[in-house]
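Examining the three-dimensional arrangement
Chain by chain, the residues run as shown.
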Amino acid sequence: MKKYVKMRFNADIENVTFARGTVASFLINEDLTLNEMNEIKTIVSEAITNAIVHGYLEDATKEVDFEIILENKILTLIVEDKGIGIEDVAKAREPLFSTKLETERAGLGFTIMEIFSDELKIESELGKGTKVIAKKSIK
Ligand SMILES: Nc1ncnc2c1ncn2[C@@H]1O[C@H](COP(=O)(O)OP(=O)(O)O)[C@@H](O)[C@H]1O
Ligand SMILES: [Mg+2]
């Protein structure tokens, strides 16, 4: 059976905490280790923070779509924004690459998401937005 949640929330950085809590609640009966749960919550925070900080330049009136799907022990997390988009996705995925290095960004978000996922897809178009799809198998 496919189990899923789809939600849309406004691009307020406080909603990162909400989304982390949501994914943890969604997986409550899955018997995950603390480590697995922390990896999943980290993927969620990094992707949603990017949507808000980079995609929407912190305009909290904009909207983020967040989907959690569990089917055949494969967890899929989808974070989508209709923001500025990414000019060069391959470059954005490189460790330490950030367009906001002058602030507190380390340029490691995609790298961390990649490490904690089994598969990470990034679809983006300049001026249209970005969709991040992370897949992780759970036992
Ligand atoms: N949702 C997004 N919309 C627009 N640009 C993005 C988005 N997510 C990531 N990026 C771009 O990819 C770069 C790398 O992201 P990331 O690895 O998370 O590093 P950081 O967030 O620390 O800059 C960002 O600096 C930004 O230029
Ligand atoms: Mg980031």
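The model shown is predicted, which means the values in this text are computed figures rather than measured ones. (Residues numbered from 1 in each chain as written. Chains lettered and ligands numbered in written order. Predicted model: local features only at pLDDT ≥ 70, side-chain atom pairs only at ≥ 80, totals over all residues. Heavy atoms only, no water.)

**As for the layout of surface pockets**
Where empty space is left becomes clear once a probe the size of a water molecule has been rolled over the atoms. Where we set the bar: In this analysis the probe radius is 1.4 Å and the grid spacing 1 Å, with only protein atoms considered; a cavity is a set of points the probe fits into but cannot get out of, a pocket is an open set with protein on both sides within 12 Å along at least five of seven lines, and lining residues have an atom within 4 Å of a point. Grid points are joined across faces, edges and corners, and a volume is the space filled by probe spheres set on the points. Secondary structure counts use DSSP, requiring at least four H or I residues in a row for a helix and at least two E residues in a row for a strand, with both numbered from the N terminus.
As a volume, the largest pocket reaches approximately 630 Å³. Taken together, 29 residues make up the lining of the largest pocket; nearest its centre are N50, H54, A92, T99 and F110. Where the lining of the largest pocket is concerned, the elements lending two or more residues are helix 2 (34–55), strand 3 (74–81), helix 3 (89–93), helix 4 (109–116) and strand 5 (129–137). If you tally residues by element for the lining of the largest pocket, the top one is helix 2, at six residues.

**Details of the site of ligand 1**
This is how the line gets drawn: By convention in these notes, a residue is near a molecule or strand provided one of its non-hydrogen atoms lies within 4 Å of it. Counting of polar contacts relies on pairs of N or O atoms within 3.5 Å, with two restrictions inside protein: one atom must be capable of donating a hydrogen and the other of accepting it, and residues adjacent in sequence are counted only when both atoms are side-chain atoms. The Shrake-Rupley method, run with a 1.4 Å probe, gives the accessible areas here. Residue values count only the displayed protein chains as cover. Whether a molecule lies in a cavity or pocket depends on its atoms, and more than half of them have to be within 2 Å of the grid points. Just so you know the grouping, Ala, Val, Leu, Ile, Met, Phe, Trp, Tyr, Cys and Pro go in nonpolar, Asp, Glu, Lys and Arg go in charged, and all remaining residues, Gly too, go in polar.
Taken together, 18 residues are adjacent to ligand 1, and H54, D81, S98, T99 and G107 come closest. The side chain of H54 places a nitrogen or oxygen atom 2.7 Å from an oxygen atom of ligand 1. Separating a nitrogen atom of ligand 1 from a backbone N or O atom of G55 is a distance of 3.4 Å. About the coverage of ligand 1: the protein hides 95% of its 530 Å² of free accessible area. With respect to the detected pockets, ligand 1 is housed in the largest pocket. The dominant element in the shell around ligand 1, judged by the number of residues it contributes, is helix 2, at four residues. Its residues assigned to classes, the shell around ligand 1 shows seven nonpolar, nine polar and two charged.

**Structural notes on the nonpolar core**
The line we're drawing: In plain words, nonpolar cores are sets of buried Ala, Val, Leu, Ile, Met, Phe, Trp, Tyr and Cys residues tied together by side-chain atoms within 4.5 Å. Throughout this description, buried means an accessible area under 20% of the type-specific maximum (1.4 Å probe, protein chains only), exposed means over 50%, and partly exposed covers the range between.
Counting 35 residues, the largest nonpolar core has L27, I48, F66 and L77 as its most contacted members. Elements supplying a minimum of two residues to this core: strand 1 (3–10), helix 1 (15–26), helix 2, strand 2 (63–71), strand 3, helix 4, strand 4 (119–125) and strand 5. Looking at this core, the element that brings in the most residues is helix 2, giving eight residues.

**Remarks on the environment of S137**
Formally: Residue contacts are counted whenever heavy atoms from the two residues lie within 4.5 Å of one another.
Its location among the elements puts S137 in strand 5. The class of S137 is partly exposed, set by a relative accessible area of 37%. Distance from S137 to E71, taken between C-alpha atoms, is 9.6 Å for residues 66 residues apart in sequence. Setting aside its immediate chain neighbours within four residues, S137 contacts K73, I74 and D118.

**Digging into the pattern of salt bridges**
Here is the rule: We count a salt bridge whenever a side-chain nitrogen from Lys or Arg sits within 4 Å of a carboxyl oxygen from Asp or Glu.
Counted under the stated rule, the structure contains eight salt bridges. Put simply, K136 and E39 hold a salt bridge, and the shortest N to O gap is 2.7 Å. Separated by 97 residues along the polypeptide, K136 in strand 5 and E39 in helix 2 bring together distant segments of the chain. Of the two residues examined, K136 and E39, each falls in the buried class. With a closest N to O distance of 2.9 Å, E114 and R93 form a salt bridge. Here E114 is found in helix 4, whereas its partner R93 is found in helix 3, with 21 residues between them in sequence.

**Thoughts on the packing of helix 1 against helix 2**
Quick note on the threshold: The convention used is that axes are lines fitted to C-alpha atoms, helices contributing only their stretch in contact, and that angles between N-to-C directions extend from 0 to 180 degrees. Helix crossings are classified by the rotation of the near helix relative to the far one: an anticlockwise turn of less than a right angle makes the crossing left-handed, while a clockwise turn makes it right-handed.
Axis separation between helix 1 and helix 2 bottoms out at 9 Å; the angle between their running directions is 145°. In this structure, the crossing between helix 1 and helix 2 has a hand that is right-handed. Contact with helix 1, carried on its side by V16, A19, R20, V23 and A24, involves M37, I40, K41, T42, V44, S45, I48, T49 and I52 of helix 2 and no other residues of that element. Its residues assigned to classes, the contact of helix 1 with helix 2 comprises nine nonpolar, three polar and two charged.

Interpretation note: all reported values are geometric properties and have no functional meaning in isolation.
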